[in-house]
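Residue-level structure breakdown
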Amino acid sequence: MSAAPAPAGDRAGAVSSEEITAVPVRHPGRWVAGAVIALVVAIVVHSAVTNPRFGWSTVGDYLFSHRIIHGLLLTLLLTVVAMAIGIVLGVLIAVMRLSPNPLVSGFGGFYVWFLRGTPVLVQILFWFFISALYPTISIGIPFGGPEAFHFGANAVITPFVAAILALGLNEGAYMAEIVRAGILSVDEGQGEAAQSLGMTRLQTMRRIVLPQAMRVIVPPTGNETISMLKTTSLVSVVAYTELLYSAQLIYSVNYQQIPLLIVVSIWYLVVTTILSIGQYFLERRFGRGSSRTQRETLVQRVWRYAFPRHEGGMT
């Protein structure tokens, strides 16, 4: 005679009373990939350190040279001014492109099409040689009216002005598309609710739509800022003494091209790293409320992969 099966309640009690041991999932592929990457990095670092042609002593001599630092400061100035112009123009052109007026939206579309369709290097050279088209720039009533004042283009369009005009206007086209995408990401009901309260279109854009669109606008804007920092190196073609051209002036005399280019690369990497950190915290700030958890920092990710059982230890 077979034994009667245990009641369902007894079986549930037996299972719940047993100790359950959670075994973390093993990922050997991750460790293998990490070992391969570490080996490659070690080979590259050893080659760079032991190869005398890198000229690390020359790199150390010129890393904090006053000419290099002066060029770095001018690079930062170009980046800040050009991005400021680009952001302002980008917001304006984006709003124009979304305007119900076909002339206004058409002008915004033409601006983006033309500025994005021509290389920024060509635009820098074009503005630098603008005096070939307009030797004298006049301000006054158009179409033959009286002039308020005029001045020579060569006296005004310096390498710095040409660089700012080219970089700022070009950046405005890219920022216009970024801002437009951010605006379109906001639910249309937000604008309709604002209009039902009697707010004008500009008030709705400034107080309702743009603040919500910042979550979408900030990440690509940070990328554009980093890209602008590196794009300023193109200004060397018009002999403006930014970071790269300052290094070119030095190695045109001592013929130490590689060490001076390493110096330039180091400073670009330092500034890019600082901008990336700032971008990360801006994204965390404007991304609050969009997800349940915040993005992990690099230290938190390394800790989680190295110590999977202690994920809560790093905060």
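Presented here is an overview of the structure given in this document. This one's a predicted model, so the numbers in the text were calculated from it and none came from an experiment. (Residues numbered from 1 in each chain as written. Predicted model: local features only at pLDDT ≥ 70, side-chain atom pairs only at ≥ 80, totals over all residues. Heavy atoms only, no water.)

1. Quick notes on helix 10 (residues 201–231)
Defined as follows: Secondary structure elements are defined from DSSP: runs of H or I of at least 4 residues count as helices, runs of E of at least 2 residues count as strands, and each element is numbered from the N terminus. Under the convention used throughout, the expected extent of a helix is 1.5 Å for every residue step, that is, one less than its residue count. Bend, at a single residue, is the angle you get between axes fitted to the 7 residues ending at that residue and the 7 residues starting at it.
Over its 31 residues, helix 10 extends only 35 Å from the first C-alpha to the last, a length that falls short of the 45 Å expected when each residue adds 1.5 Å. Helix geometry: helix 10 is bent most strongly at M214, by close to 50°.

2. Considering the packing of helix 4 (residues 66–97) against helix 5 (residues 102–117)
Let me state the cut-off plainly: Throughout, an axis means a line fitted to C-alpha atoms (over the contacting stretch in the case of helices), and angles, computed between N-to-C directions, take values from 0 to 180 degrees. An angle counts as roughly parallel when it lies under 35 degrees, as roughly antiparallel when it exceeds 145, as roughly perpendicular when it falls between 65 and 115, and as oblique in every other case. Each helix crossing is assigned a hand: it is left-handed if the near helix lies turned anticlockwise from the far helix by less than a right angle, otherwise right-handed if that turn is clockwise. When checking whether two residues touch, look at their non-hydrogen atoms; a contact exists if any pair is within 4.5 Å. When residues are sorted by character, Ala, Val, Leu, Ile, Met, Phe, Trp, Tyr, Cys and Pro go into the nonpolar class, Asp, Glu, Lys and Arg into the charged class, and all the rest, Gly among them, into the polar class.
Running from N to C, helix 4 and helix 5 point in directions that differ by 130°, and their axes come no closer than 7 Å. Considering their axes alone, helix 4 and helix 5 lie oblique with respect to each other. Classified by chirality, the crossing of helix 5 by helix 4 is left-handed. Contact residues: L89, I93, M96 and R97 in helix 4; V104, S105, F107, G108, G109, Y111 and V112 in helix 5. When grouped by side-chain class, the residues that make up the contact of helix 4 with helix 5 number seven nonpolar, three polar and one charged.

3. Considering the packing of aromatic side chains
Any two aromatic rings considered together are summarised by their centre-to-centre distance and by the angle between their planes. Note the threshold: We call Phe, Tyr and Trp rings a pair once their centres come within 6.5 Å, taking the six-membered ring for Trp, and we label the pair stacked below 30 degrees between planes, edge-to-face above 60, and tilted otherwise. A 1.4 Å probe rolled over the protein chains alone gives each residue an accessible area, and that area as a share of the maximum for its type sets the label: buried under 20%, exposed over 50%, partly exposed in between.
In total, this model carries nine aromatic pairs according to the counting rule given. For the pair W113 and F114, a centre-to-centre distance of 6.4 Å together with 55° between the ring planes defines the contact as tilted. By relative accessible area, which is 60% here, W113 ends up exposed. Taking relative accessible area as the criterion, F114 reaches 41% and is therefore assigned partly exposed. Judged by centre distance (5.7 Å) and plane angle (40°), the rings of F160 and Y240 are tilted. Placement of the pair is F160 in helix 8 (residues 159–185) and Y240 in the loop between helix 10 and helix 11 (243–254), with a sequence separation of 80 residues. With relative accessibility at 26%, the residue F160 sits in the partly exposed group.

4. A closer look at a nonpolar patch on the surface
To keep things clear, this is the line we draw: Patches here are clusters of residues that have more than 30% relative accessible area and form no salt bridge, with a 9 Å joining cutoff for like charges and a 5 Å cutoff for nonpolar side chains (Val, Leu, Ile, Met, Phe, Trp, Tyr). Using the Shrake-Rupley algorithm and a 1.4 Å probe, accessible areas are obtained, with residue cover drawn only from the displayed protein chains. Basic side-chain nitrogens of Lys or Arg form a salt bridge, by our definition, when they fall within 4 Å of a carboxyl oxygen of Asp or Glu.
A surface patch of nonpolar side chains, about 340 Å² in accessible area, is lined by V32, V36, V40 and V44. The residue V44 is located in helix 2 (residues 28–50) in this model.

On their own, these measurements won't tell you what the molecule is for.
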